[in-house]
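Each chain, letter by letter, is given below.
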Amino acid sequence: MFTKFLKYSIVVFIFLNGFSSSAQCAMCRAALESEGDGSKAEAINDGIVYLMAFPYIMVAIVFYVVYRMKFKKKPASETTS
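Residue numbers here run from 1 along each chain, matching the order of that chain's written sequence. The predicted origin of the model limits local features to residues at a pLDDT of at least 70 and limits the giving and counting of side-chain atom pairs to 80 or more, whereas totals for whole chains, interfaces and linings rest on all residues. Side-chain measures were taken over the full set of non-hydrogen atoms in the model, leaving aside hydrogen atoms and water.

## Let's talk about the overall build of the protein chain
- Numbered from the N terminus, helices here are DSSP runs of H or I no shorter than four residues, and strands are runs of E no shorter than two. Along the backbone of the protein chain there are four helices and zero strands.
- In sequence order, the secondary structure elements of the protein chain are arranged as α-α-α-α.
- Every one of the 81 residues in the protein chain was classed for burial, and the buried ones make up 4%.
- Surface accessibility in these figures is a Shrake-Rupley result with a 1.4 Å probe; residues are shielded only by whichever protein chains are displayed. Within the structure as shown, the protein chain displays about 7,600 Å² of accessible surface, and the carbon and sulfur contribution to it stands at 69%. Note on classification: 1.4 Å probe, protein chains only; a residue is buried when its accessible area is under 20% of the maximum for its type, exposed when over 50%, partly exposed between these limits.

## Concerning the packing of aromatic side chains
- Only the six-membered ring of Trp is used, alongside the rings of Phe and Tyr, when aromatic pairs are assigned; centres must lie within 6.5 Å, and planes under 30 degrees apart are stacked while those over 60 apart are edge-to-face, with the rest tilted. Summed over the entire model, instances satisfying the criterion amount to two aromatic pairs.
- Consider the rings of Tyr50 and Phe54, whose centres lie 5.1 Å apart with planes at 90°: the pair is edge-to-face. Of this pair, Tyr50 and Phe54 both sit in helix H3 (residues 39-70), separated by four residues, roughly a single helical turn.
- Note on Phe54: relative accessible area 34%, which makes it partly exposed.
- With a centroid separation of 4.9 Å and 55° between ring planes, the pair formed by Tyr67 and Phe71 is classed as tilted.
- By relative accessible area, Phe71 is classed as exposed at 53%.

## Focus: the environment of Cys28
- Among the secondary structure elements, Cys28 is positioned in helix H2 (residues 26-33).
- Overall, Cys28 belongs to the partly exposed group, its relative accessible area being 25%.

## Re the confidence of the model for the protein chain
- Model confidence for the protein chain is summarised by a mean pLDDT of 75, while 72% of its residues fall at 70 or above.
- Each residue carries a pLDDT score, the predictor's own confidence in it, on a scale running from 0 to 100. Ranking the helices and strands of the protein chain by mean pLDDT puts H3 first, with 84, and helix H4 (residues 76-79) last, with 60.

Structure representation (structure tokens):
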């Protein structure tokens, strides 16, 4: 029981921990694209997409867990009563 709680606590801590990043906004992206070298702008764009994907993944996981809880099979002792 404690190890399960510890695992969930670590996952919640990781998701809620604020990570600092230097360039995520549209203004930073525009400033990078105005430079001659496009590789930095492409890397920043990839980072923005990477950061954008995690909220969708977390919502999908929550919906999956709720779905599993709703349609979880009942034990045999409850169905034979």
